[in-house]
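Read off the chains here:
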Amino acid sequence: MNYQVIIPAAGSGKRMGAGYNKLLMNLAGRPIILHTLDVFETDPNCSRIILVIHSADEPFFTEIKSRYTKIYIVYGGNERQYSVFNGLKAAEAEGIILVHDGARPFIRPETISRLVQSARECGAAIAAVPVKDTIKKVIDLEVIETVDRSSLWQVQTPQAFRFSVLESAHEQAQKEQYLGTDEASLVEKIGHTVKIVESDYDNIKLTTPEDLYFAEAIIKKRNR
Ligand code: C5P
């Protein structure tokens, strides 16, 4: 079951505090983004990787591009959603398309397959895990409410869509100037059903410095 993937990698990684794109930081001796790219490069069902980059990182990505056969590079926007939209314009307008953050290097091929299958059936499917912690709504450091967590899921990427569904959702969001934190929220806005595919708690997004410790531990455990 073939699919294409858009990998937004054009962020600044401010919360990581490295002073440069966090995806170029080392994880187990290699830049984080290479761990992510390898998952898709080695998946025979992935036909094209649309890698969305910031122009400041062009020298790095030009250098590594020759090591990959599926990468097509485009430039990002100043919000993640605009970066993905730019990626979408470079995609083949058919089939299943995934969006996967460059900052999530631990996605399992088996989860990708289940997402592609679900998107083929339903049009939109996202990786997620049940919320483990107690969640409270807080305003000005005062608890307003304890939210019932039995129906809460923590959403990850990949998010998988029929191309036409993701395209309509992005076009509508552009028209309404709606900015979402993920693709599924745009798809929900156009009234399309979004299905959950249960993922793994170790499919973490590397966002803040302590995530690098967790990431090293995940790599060690997987290599054991
Ligand atoms: O900052 P955060 O980790 O939530 O960003 C998620 C992904 O989106 C990262 O891989 C980042 O490089 C990418 N991004 C982007 N364009 C932006 C902002 C973020 O491609 N303007």
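Residues numbered from 1 in each chain as written. Predicted model: local features only at pLDDT ≥ 70, side-chain atom pairs only at ≥ 80, totals over all residues.

Per an unreviewed UniProt entry, the recorded name for the chain is 2-C-methyl-D-erythritol 4-phosphate cytidylyltransferase, and the organism is Lederbergia citrisecunda. Annotation of the chain in UniProt includes, under Pathway (unreviewed entry), the sentence "Isoprenoid biosynthesis; isopentenyl diphosphate biosynthesis via DXP pathway; isopentenyl diphosphate from 1-deoxy-D-xylulose 5-phosphate: step 2/6." Looking at the chain in UniProt, the text filed under Function (unreviewed entry) is "Catalyzes the formation of 4-diphosphocytidyl-2-C-methyl-D-erythritol from CTP and 2-C-methyl-D-erythritol 4-phosphate (MEP)." (UniProt positions renumbered as here; feature names shortened; annotations may be inferred.)

Inspection of the region around the ligand gives 17 residues, with Pro8, Ala10, Gly11, Ser83 and Gly102 positioned closest. The residue makeup of the shell around the ligand, split by class, is six nonpolar, seven polar and four charged. (Near = placed C-beta within 6 Å. Nonpolar A, V, L, I, M, F, W, Y, C, P; charged D, E, K, R; others polar.)

Counting 50 residues, the largest nonpolar core has Ile6, Leu115 and Val187 as its most contacted members. Discounting chain neighbours no more than four positions away, the residues touching Val187 are Ala124, Phe161, Val165, Leu166, Ala169, His192 and Val194. (Core = buried A, V, L, I, M, F, W, Y, C linked by C-beta atoms within 7 Å. Buried ≥ 20, exposed ≤ 12 C-beta atoms within 10 Å, placed from the backbone. Contact = placed C-beta atoms within 7 Å.)

Bringing the UniProt feature "site: Transition state stabilizer" (unreviewed entry) in the chain into the picture now. Taking the numbering used here, the UniProt-annotated feature "site: Transition state stabilizer" (unreviewed entry) corresponds to Arg15 and Lys22. Looking at Arg15, the number of C-beta atoms within 10 Å reads 13, which means it is partly exposed. Beyond its immediate stretch of four places on either side in the chain, Arg15 contacts Thr207 and Thr208. With respect to the helices and strands, Lys22 occurs in the loop between strand E1 (3–8) and strand E2 (26–27). For Lys22, a count of 26 C-beta atoms within 10 Å puts it in the buried group. (Helix = DSSP H or I, 4+ residues; strand = E, 2+ residues; numbered from the N terminus.)

Attention now goes to the confidence of the model for the chain. The predicted model of the chain averages 97 in pLDDT, with 100% of residues at 70 or higher. Interface confidence in the predicted complex, given as ipTM, is 0.98; pTM for the same model is 0.97. (pLDDT = per-residue confidence, 0-100.)

So, on to the pairing of strand E9 (residues 142–147). Little of E9 sits out of view: just zero of its six residues are buried. Between strand E8 (residues 135–139) and E9, which pair antiparallel and follow one another directly, the connecting turn spans two residues, one of which, Asp140, has a positive phi of 50 degrees. (Pairing = 2+ DSSP bridges.)

As annotated by UniProt and renumbered to match this structure, "site: Positions MEP for the nucleophilic attack" (unreviewed entry) occupies Arg149 and Lys205. With respect to the helices, strands and loops of the structure, Arg149 is situated in the loop between E9 and strand E10 (153–162). For Arg149, the residues in contact, after removing those within four places along its chain, are Val131, Thr134 and Ile135. Inspection of the secondary structure assignment puts Lys205 in the loop between strand E11 (195–198) and helix H7 (210–223). Looking at Lys205, the number of C-beta atoms within 10 Å reads 14, which means it is partly exposed. Excluding its chain neighbours within four sequence positions, the residues that come into contact with Lys205 are Asp101, Ala103 and Arg104.

What follows deals with the environment of Phe85. Secondary-structure assignment places Phe85 in helix H3 (residues 80–89). When the C-alpha positions of Phe85 and Ile6 are compared, they lie 9.4 Å apart, and in sequence the two are 79 residues distant. Here Phe85 is in contact with Gly77, His170 and Gln174, once residues within four sequence places are set aside.

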